[in-house]
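Here is how the chains run, residue by residue.
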Amino acid sequence: MLRITGGQRRETGPDGEYVTRRIPGAAATKVYRCPGCAQEIPTGMAHVVAWRPYGDGGDRRHWHSSCWERRSRRSPRAPRY
Ligand SMILES: [Zn+2]
């Protein structure tokens with residue numbers, strides 16, 4: 001499937017594949033709780049939304065950009081190159 005909308009991309013992390021989208025600060029109009037650090041993401045802060053590529057997207061989570069980056073680097077298993 002080659003259709004890409006809204007700057008989505010696939011990322012493979014230690015716990016599988018995710019689709020991610022960068023949310024600019026101007027579009028962050030709600031407060032979310034980041035699953036990476038359990039802190040709130042205030043409105044107006046650019047962040048990352050991630051969800052599984054399968055399913056209906058109901059599992060999407062909002063992450064701080066830094067928490068998302070840290071998560072993908074903190075691989076408990078051997079990284080695949
Ligand atoms: Zn966080």
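What you see is a predicted model, and the numbers here were worked out from it, not measured in a lab.

1. Description of the overall build of the protein chain
Link 1 in the chain: When you go through the protein chain residue by residue, the secondary structure sums to 1 helix and 6 strands.
Link 2 in the chain: Order of helices (α) and strands (β) in the protein chain, N terminus to C terminus: β-β-β-β-β-β-α.

2. Examining the nonpolar core
Link 1 in the chain: With 5 residues, the main nonpolar core is built from I23, V48, V49, W63 and W68.
Link 2 in the chain: Look past the residues within four positions of V49 in its chain and what remains in contact with it is T20, R21, I23, R60 and H62.

3. Some words on the confidence of the model for the protein chain
Link 1 in the chain: Residue-level pLDDT values for the protein chain average 84, and 80% of them are 70 or greater.
Link 2 in the chain: The secondary structure element of the protein chain with the lowest average pLDDT is helix α1 (residues 65–73), at 85, and the one with the highest is strand β4 (residues 40–41), at 98.

4. Thoughts on unusual backbone geometry
Link 1 in the chain: In this structure, A38 is a non-glycine residue whose phi angle is positive, near 65°.
Link 2 in the chain: Position of A38 relative to the elements: it lies in the loop between β3 (32–33) and β4.
Link 3 in the chain: Classification of A38 by C-beta neighbours within 10 Å gives exposed; the count is 8.

5. Description of the sheet that holds strand β2 (residues 16–23)
Link 1 in the chain: In space, the 4 strands of this open sheet follow the order β1-β2-β5-β6, with antiparallel pairing throughout. The sheet is open, and its two edges are formed by β1 (9–13) and β6 (61–64), each paired on a single side. Direction aside, neighbouring strands of the sheet carry axes that sit 40° apart on average.
Link 2 in the chain: Bridging between β1 and β2 involves 5 bridges; their strand directions are antiparallel. Of the residues in β2, the one forming a bridge with G13 is G16.

6. Description of the environment of D59
Link 1 in the chain: Mapped onto the secondary structure, D59 falls in the loop between β5 (47–51) and β6.
Link 2 in the chain: Owing to 11 C-beta atoms within 10 Å, D59 belongs among the exposed residues under this scheme.
Link 3 in the chain: Not counting chain neighbours up to four residues away, the residues in contact with D59 comprise W51 and R52.

7. Quick word on the environment of R71
Link 1 in the chain: Within the secondary structure, R71 is located in helix α1.
Link 2 in the chain: Distance in space between the C-alpha atoms of R71 and P14 is 8.2 Å, their sequence separation being 57 residues.
Link 3 in the chain: Those residues in contact with R71 that lie beyond four places of it in its chain are G13 and G36.

8. Things to note about the pairing of β5
Link 1 in the chain: Pairing of β2 with β5 involves 5 bridges; the strand directions are antiparallel. Within β5, the residue paired with R21 across the bridge is V49.
Link 2 in the chain: As defined by bridge partners, β5 adjoins β6 across 4 bridges and the pair is classed as antiparallel. Pairing of V48 across the sheet is with W63, part of β6.

About the criteria used
Residues numbered from 1 in each chain as written. Predicted model: local features only at pLDDT ≥ 70, side-chain atom pairs only at ≥ 80, totals over all residues. Helix = DSSP H or I, 4+ residues; strand = E, 2+ residues; numbered from the N terminus. Core = buried A, V, L, I, M, F, W, Y, C linked by C-beta atoms within 7 Å. Buried ≥ 20, exposed ≤ 12 C-beta atoms within 10 Å, placed from the backbone. Contact = placed C-beta atoms within 7 Å. pLDDT = per-residue confidence, 0-100. Pairing = 2+ DSSP bridges. Axes fitted to C-alpha atoms, helices over the stretch in contact; angles between N-to-C directions.

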